[in-house]
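# Survey of secondary and tertiary structure
As a plain string of letters, each chain reads:
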Amino acid sequence: IESPVITATPGKAAWVSFDLYLANEFSSGGMPNADFDRLDVTASTGNTGEALLWSSKSMTPVWWEETSNNVPAGAKWTTIGPLMLPPNPAGNWTIGFTFETIDGSANLHAGAVIDNILVQTECP
């Protein structure tokens with residue numbers, strides 16, 4: 001999913017944050033690593049290509065519930081960000097959300113639910 005063009009104050013720093021509920025193989029305790037059923041968040045300025053802002057495989061912040069043994073036990077709502085957008089003198093970006101299952105098995109989870117996307121910029 002890609003956002004429409006977001007225009008902020010030209011030449012000023014900008015960042016994005018959002019709330020995430022990611023129900024996948026890892027958050028359910030079914031995988032030892034978070035690379036499967038991965039959510040990647042990117043930003044594009046249109047002239048510099050795409051930059052990775054965040055990936056669920058980074059495992060920070062913790063976006064899953066844990067058992068007393070620190071084993072993933074299900075998804076939880078988590079705020080991701082603020083994530084700094086790449087510099088752009090024109091102040092235009094698109095934000096992309098890509099969900100990649102990697103394989104064709106154990107994909108009966110709800111996947112990624114994203115809410116409350118917020119883009120902020122420095123005051124002019």
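Use the structure listed above.
So, how was this worked out
Residues numbered from 1 in each chain as written. Predicted model: local features only at pLDDT ≥ 70, side-chain atom pairs only at ≥ 80, totals over all residues. Heavy atoms only, no water. Buried < 20%, exposed > 50% of the residue type's maximum accessible area, 1.4 Å probe, protein only. Helix = DSSP H or I, 4+ residues; strand = E, 2+ residues; numbered from the N terminus. Pairing = 2+ DSSP bridges. Core = buried A, V, L, I, M, F, W, Y, C linked by side-chain atoms within 4.5 Å. Contact = heavy atoms within 4.5 Å. Phe/Tyr/Trp six-rings, centres within 6.5 Å; stacked < 30°, edge-to-face > 60°.

Okay, the pairing of strand β3 (residues 38-44) next. Where burial is concerned, most of β3 is hidden: 7 out of the 7 residues are buried. Neither face of β3 is exposed, since Arg38, Asp40, Thr42 and Ser44 on one face and Leu39, Val41 and Ala43 on the opposite face are all buried. Alignment of β3 against strand β8 (residues 92-100), held across 7 bridges, turns out to be antiparallel. Paired with Arg38 across the two strands is Glu100, which belongs to β8. Pairing between β3 and strand β4 (residues 50-55): 5 bridges, direction antiparallel. Residue pairing for β4: Ala43 is matched across the bridge by Ala51. Between β3 and β4, which pair antiparallel in sequence order, lie 5 residues; one of them, Gly46, sits at a positive phi of approximately 90 degrees.

A separate point is the sheet that holds strand β1 (residues 6-7). Read across the open sheet, the 4 strands follow the order β1-β8-β3-β4; overall the sheet is antiparallel. In the strand order of this sheet, the two ends are held by β1 and β4, each with one partner.

Counting residues in hydrophobic clusters, the biggest one holds 21 residues, and the most contacted among them are Phe18, Val41, Trp54 and Leu85. At the level of elements, β2 (14-23), β3, β4, β7 (78-84) and β8 are the ones that each hand at least two residues to this core. No other element matches β2, which puts 5 residues into this core. In this structure, Leu85 is in contact with Ala14, Trp15, Val16, Ala43, Leu53, Trp93, Ile95 and Val119, ignoring residues within four places of it in sequence.

Once that is clear, we can look at the packing of aromatic side chains. Summed over the entire model, instances satisfying the criterion amount to 4 aromatic pairs. Here Phe18 and Phe97 contribute two aromatic rings whose centre-to-centre distance is 5.3 Å and whose plane-to-plane angle is 90 degrees, an arrangement assigned as edge-to-face. You can see Phe18 sitting in strand β2 and its partner Phe97 sitting in strand β8, a full 79 residues away along the chain. Side by side, Phe18 and Phe97 carry an identical accessibility label, which is buried. Here Tyr21 and Trp77 contribute two aromatic rings whose centre-to-centre distance is 5.6 Å and whose plane-to-plane angle is 40 degrees, an arrangement assigned as tilted.

A few words on the environment of Glu100. Among the structural elements, Glu100 can be located in strand β8. When its relative accessible area of 36% is taken as the criterion, Glu100 is described as partly exposed. Those residues in contact with Glu100 that lie beyond four places of it in its chain are Phe36, Asp37 and Arg38.

That's the geometry; what it means functionally is another story.
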